[in-house]
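One-letter residues, chain by chain:
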Amino acid sequence: MLEVRDGTTAMTPPAAAPAWTREAAWALYRLPFNDLLFKAQSVHRQHFDPNRIQLSKLLNIKTGGCPEDCGYCSQSSHHSTGLAASRLMDVEKVVTEARKARDSGATRYCMGAAWRNPKPRDMDAIVEMVGAVKALGLETCMTLGMLDREQSDRLSAAGLDYYNHNIDTSERYYPKVVSTRTYSDRLDTLENVRQSGMKVCCGGILGMGEEEADRVDMLVTLANLAEPPESVPINMLIPIAGTPLAEQAPIAPIEFVRIVGLARIMMPKSHVRLSAGRSAMTDEMQALCFFAGANSIFIGDTLLTAANPEDAADRKLFDRLGLEAI
Ligand code: SAM
Ligand code: DTB
Ligand code: SF4
């Protein structure tokens, strides 16, 4: 209590949210698996119904020809992946696809473009897409590369709910994966998105040759942002022929599940999204991810360019696990 001058007391002002240390995060990560998962599931139940999973759908609104050199990506012009580049999709086509996604059960629609950043000439069409997709009653997300403050303000004013911009790994490992931009470029865009009033979607990719400590450090960076991201996609690398990571050995499933559980504990109120890589996961691995606190998936047989499980396989999985799609 604080003494105030008239002799009464006032409540101590709330302390800033405690920052996560690497040590505290690592200690949780190293808990016996059952203890980590029990803790993660307990935290999950304080904020979410554990049997409800949000269905999201992706659409690549501009494919390939990207000037960035991300070592994992099929769409970088630095790699020969055989992917044909396209121009920005027409708004009507985006709306047609979004309607199909809604009819197949998606409640969240994420539009991605293979850009370093949107050009001024693209912005009108992008803004129109946001309005048209929102009008279908879908939650909207876009991932278009770096944004300056003017662009993030425009997207926010258009009603875009979330902006996705991943930090992908630890600051230490980042230069091993991308050389055309820095970690702090990434954080600058996230700050612009936040300042413009949009929700932040930011996560990463596991299985790019990083160490376990890099994955934990990535979560420490996310959880220690002034406000943690409301949405945290955890991708498992999909190795793409022609990229530098084409021959990368897969991550051990138990290590992947540990990171999902840690993300749930460190960011209790965020949606943790089991994103790319589900085609290479068993039902049992996905079940463990849901138990660890993942509560969203991408549906449909294609992500942006890579394969994803068929709807029928996901329906069967949800049936077997008693999960409800929301
Ligand atoms: N160009 C934008 C950008 O990089 O921010 C948006 C599109 S980019 C494809 C969106 C995210 O997809 C990346 O940040 C990365 O986390 C994920 N991703 C891309 N290729 C992947 C792959 N082969 N395996 C797993 N995740 C991948
Ligand atoms: C995210 O973290 N994963 C999604 C979404 N954000 C844009 C993208 C996954 C892309 C997988 C590779 C591909 O389809 O090319
Ligand atoms: Fe371009 Fe995004 Fe692919 Fe990187 S991840 S090459 S920025 S499309």
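Our structure's up above, just so we're on the same page.
Residues numbered from 1 in each chain as written. Chains lettered and ligands numbered in written order. Predicted model: local features only at pLDDT ≥ 70, side-chain atom pairs only at ≥ 80, totals over all residues. Heavy atoms only, no water.

### Observations concerning the site of ligand 3
The line we're drawing: Nearness here has a simple test: a residue counts as near a molecule or strand if at least one of its heavy atoms is within 4 Å of that partner. Note that Gly is not counted as nonpolar here; it falls among the polar residues with everything else outside the nonpolar set of Ala, Val, Leu, Ile, Met, Phe, Trp, Tyr, Cys and Pro and the charged set of Asp, Glu, Lys and Arg.
Looking at ligand 3, the residues that line it are Cys66, Glu68, Cys70, Tyr72, Cys73, Ser76, Ala114, Trp115 and Arg181. Of the residues in the shell around ligand 3, the class split is six nonpolar, one polar and two charged.

### A look at the packing of aromatic side chains
Put simply, the rule is: A pair of aromatic rings is counted whenever rings of Phe, Tyr or Trp (Trp by its six-membered ring) have centres within 6.5 Å, and the orientation is called stacked for planes under 30 degrees apart, edge-to-face for over 60 and tilted otherwise. Secondary structure elements are taken from DSSP: a helix is a run of H or I of four residues or more, a strand is a run of E of two residues or more, and numbering for both begins at the N terminus. The rule is simple: take the accessible area with a 1.4 Å probe, protein chains only, and divide by the maximum for that residue type; under 20% is buried, over 50% is exposed, in between is partly exposed.
For the coordinates displayed, the defined rule picks out three aromatic pairs. Here the aromatic rings of Phe290 and Phe318 are separated by 6.2 Å at their centres, their planes lie at 80°, and the arrangement is edge-to-face. Of this pair, Phe290 sits in helix 10 (residues 283-292) while Phe318 is found in helix 11 (residues 311-321), placing the two residues 28 residues apart along the sequence. Here the two residues Phe290 and Phe318 agree in accessibility, since each one is buried.

### Some thoughts on the site of ligand 1
Rules: For this analysis, a polar contact is any N or O atom pair within 3.5 Å, provided that within protein one partner can donate a hydrogen and the other can accept it, and provided that sequence-adjacent residues contribute only side-chain to side-chain pairs. All accessible-area figures derive from a Shrake-Rupley calculation using a 1.4 Å probe, and residue coverage is judged against the displayed protein chains alone.
Taken together, 17 residues lie around ligand 1, and Thr143, Asn166, Asp168, Arg186 and Ile238 are the ones closest in. Between ligand 1 and the protein, one listed contact pairs a nitrogen atom with a backbone N or O atom of Tyr72 at 3.0 Å. Separating an oxygen atom of ligand 1 from a side-chain N or O atom of Asp168 is a distance of 2.6 Å. Contact with the protein chains hides 89% of the accessible area of ligand 1, taken as 560 Å² for the molecule alone.

### Topic: the pattern of salt bridges
The test is simple: We define a salt bridge as a contact between a side-chain nitrogen of Lys or Arg and a carboxyl oxygen of Asp or Glu at a distance within 4 Å.
Overall, the coordinates contain 19 salt bridges when judged by the stated rule. The salt bridge involving Asp103 is made with Arg102; its shortest N-O contact spans 3.9 Å. In this structure Asp103 comes out as exposed when scored by relative accessible area, which is 60%. Taking the relative accessible area as the measure of exposure, Arg102 reaches 34% and is therefore partly exposed. Between Arg320 and Asp283 there is a salt bridge, and its shortest N-O distance comes to 2.8 Å.

### Concerning the side chain of Thr140
Our working definition: The contact criterion used throughout is that any non-hydrogen atoms of two residues lie within 4.5 Å.
Looking at the element boundaries, Thr140 is found in strand 5 (residues 139-143). Once residues lying within four places of it in the same chain are set aside, the contact partners of Thr140 are Tyr109, Met111, Val130, Val133, Lys134, Gly159, Leu160, Asp161 and Tyr162.

### Considering the pairing of strand 10 (residues 271-274)
Condition: Handedness is read with the strands pointing away from the viewer; a crossover is right-handed when the path from the first strand over the helix to the second is clockwise. Should DSSP find at least two bridges between two strands, the strands are regarded as paired.
Alternating residues of strand 10 divide into His271 and Arg273 and Val272 and Leu274, and every residue in both groups is buried. You can see the chain leave strand 9 (residues 231-236), run along helix 9 (residues 253-266) and come back into strand 10, and the turn it takes is right-handed. In this sheet, strand 11 (residues 296-298) lies alongside strand 10 in parallel orientation, the contact comprising two bridges. Across the sheet, Leu274 pairs through a bridge with Ile297, a residue of strand 11. As a crossover connection, the stretch from strand 10 through helix 10 into strand 11 is right-handed.

### As for the pairing of strand 9
A regular strand places its side chains so that they alternate between the two faces of the sheet. Of all six residues in strand 9, six are buried, a share of seventy percent or more. Going residue by residue along strand 9, you find Ser231, Pro233 and Asn235 tucked away on one face and Val232, Ile234 and Met236 tucked away on the opposite face as well. As paired strands, strand 8 (residues 204-206) and strand 9 are joined by three bridges and run parallel to one another. Of the residues in strand 9, the one forming a bridge with Gly204 is Ile234. Read from strand 8 through helix 8 (residues 212-223) to strand 9, the crossover connection turns out right-handed.

### A closer look at the nonpolar core
Side chains that are nonpolar tend, in soluble globular proteins, to be buried together. Put simply, the test is: Definition of nonpolar core: a set of buried residues of the types Ala, Val, Leu, Ile, Met, Phe, Trp, Tyr and Cys, connected through side-chain atoms within 4.5 Å.
Counting residues in each nonpolar core, the largest one holds 86 residues, and the members touching the most others are Ile61, Met142, Leu155, Leu219 and Phe256. In this structure, Cys141, Ala276, Phe298 and Leu303 belong to the second largest nonpolar core, which totals eight residues.

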